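# Coordinate inspection notes
Each chain, written out:
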Amino acid sequence: MRQKIHTAVLSACLLTSFILAPVLPSSTAYAATAYTAKVYASSLNVRSEPAASAAVTGSLAAGATVTVTEEQHGWLKVRAGSVSGWVAGYYLKRTSGSSSTSASSSSTASKASAKVAVKTTSASSGTAVVTASSLRIRSGPGTGYEVVGSLQSGNKVTLLLRQGEWARVRTAGGTVGWVSSGYLSGGTVRSASTVSSNSQAQSVVRKSGSIRGKLIIVDPGHGGTDPGMLGTTYDTMEKDLTLQTSLYLRDYLTAKGARVEMTRTRGDQKPALSQRVQLGRQLGADAFVSIHYNSSPKNVSGTLTFFYSQQNDLRLARAVETRLGEGIGLRSNGLSFGDYHILRENPLPATLVELGFLSNPYDESIVRKAAYQRKAAQAVAEGVADYFNQ
């Protein structure tokens, strides 16, 4: 579902950020029904491609109104007068129109570099005060990200998220970005992820549970003319892996007494993202799990579990990641915020799980095997069951 990359806002470990970065063959993008949105940044760069490294072709001022025509997990293609191109989606707020999307084709590197293998992420709340005389606001958690604004000593910000030594904040003027947390005073932090593979350290979630009677939507990413990622060593198609893994997941969930509906059951099906989300809403489902396989231009290995809403999604994502971290053949890279349509527009508790990197020869050789897919599916099912027993 996405360009395996999401939100330039979160990636310290991989490369740009969990928002994007295209380059290679084709991955996936989403052609959105056009809608208008407003810029919430002091100055927003417009780029030629949906990637933080792409050339800047223009800029938009705070408060500017744009027309959004396409989405690539976290990046939005916009039009405003003579200016057109891609911007980081978290600096825009929709003001009118529909956000329904359907899959179309795009680039693969994006998928890759935006996936953030975040090791330590914390959900934060409250107000903090800037203690430095001047503090730069960046588009991602690291000094390699572009500067999108600045703060002065005494300025107050709202804490949104902490990742290592960086904090995602919202300024009084509405600008959202990342600052060095060492120059902030105040605010509260509560753990949002546990990356340690030590099961005792991850025992936040009870290890037994029943989801009997609960309705779970299982979403095999991609499908039809959208193959998703292609393995760099064996040309493995992501859409095939996601479907087979999802079928195993369905079986494990059903065995636990859950009811399961899948967004697709065949390789030639390609429901739009909006249709996948709407299925759960129409059926009054209890949770939504989207299955994917990852990619990155870096030599990265392992699984990664995404959430969007701290209130609705985080507990489910943490429960699933905890089980994956107990050992399925590939290590868990923890939890990450994910600005994906499938999560962002979803009213249900939802999580998107990346079960290995098809850009990594070792990972690809493992995830192709049915034994791994079954083990991964079982871990996800156990995590979903744990969620309902919390």
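Read on for a plain summary of the structure. Computed from a prediction, not measured in an experiment: that's the story for all the values here.

With that settled, consider the sheet that holds strand 19 (residues 259-262). Strand order in the open sheet formed by six strands is 19-18-20-23-21-22, and the pairing between neighbours is mixed. Two strands in the sheet have a free side with no partner beyond their single neighbour: strand 19 and strand 22 (332-337). Strand-to-strand twist in this sheet, taken as the mean axis angle between neighbours without regard to direction, amounts to 20 degrees. Two elements, strand 21 (residues 303-307) and strand 23 (residues 350-357), share three bridges in a ladder whose sense is antiparallel. Among the inter-strand pairings, Leu304 is bridged to a residue of strand 23, identified as Glu354.

Before going further, it helps to examine the side chain of Glu354. With respect to the element layout, Glu354 can be found in strand 23. Judged by relative accessible area, Glu354 falls into the buried class, the value being 0%. A polar atom in the side chain of Glu354 sits 3.1 Å from the backbone nitrogen of Asn294.

Summed over the entire model, instances satisfying the criterion amount to four aromatic pairs. Residues Tyr387 and Phe388 carry aromatic rings whose centres are separated by 4.9 Å and whose planes lie at 75 degrees to one another, so their mutual orientation is edge-to-face. Classification of Phe388 by relative accessible area gives partly exposed; the value is 21%. The rings of Phe307, Tyr308 and Phe337 are connected pair by pair, giving a single aromatic cluster. If you follow Arg168 out to its NZ or CZ, it ends over the ring of Phe337, 5.2 Å from the centre.

Definitions and cut-offs
Residue positions within a chain follow its written sequence, with the count starting from 1. For a predicted model such as this one, the threshold for reporting local features is a pLDDT of at least 70, and the threshold for listing and counting side-chain atom pairs is 80 or more; totals across whole chains, interfaces and linings nevertheless cover every residue. By convention in this description, side-chain values take in all heavy atoms of the structure and omit both hydrogens and water. When DSSP finds two or more bridges between a pair of strands, those strands are recorded as paired. Helix and strand assignments follow DSSP, with helices taken as H or I runs no shorter than four residues and strands as E runs no shorter than two, numbered in order from the N terminus. Only the contacting stretch of a helix is used when fitting its axis, a line to C-alpha atoms as for every element, and angles between N-to-C directions run 0 to 180 degrees. With a 1.4 Å probe rolled over the protein chains alone, any residue whose accessible area is under 20% of its type maximum counts as buried; one over 50% counts as exposed, and the rest are partly exposed. Each polar contact in these results corresponds to two N or O atoms within 3.5 Å; when the atoms are within protein, one needs to be able to donate a hydrogen and the other to accept it, and residues that are neighboring in sequence are counted only if both atoms are side-chain atoms. Note on aromatic contacts: the rings of Phe and Tyr and the six-membered ring of Trp form a pair at centre separations within 6.5 Å, being stacked when their planes are under 30 degrees apart, edge-to-face when over 60 apart, and tilted otherwise. We call a charge positioned above a ring when the Lys NZ or Arg CZ atom is no farther than 6 Å from the ring centre and deviates by at most 35 degrees from the ring normal.

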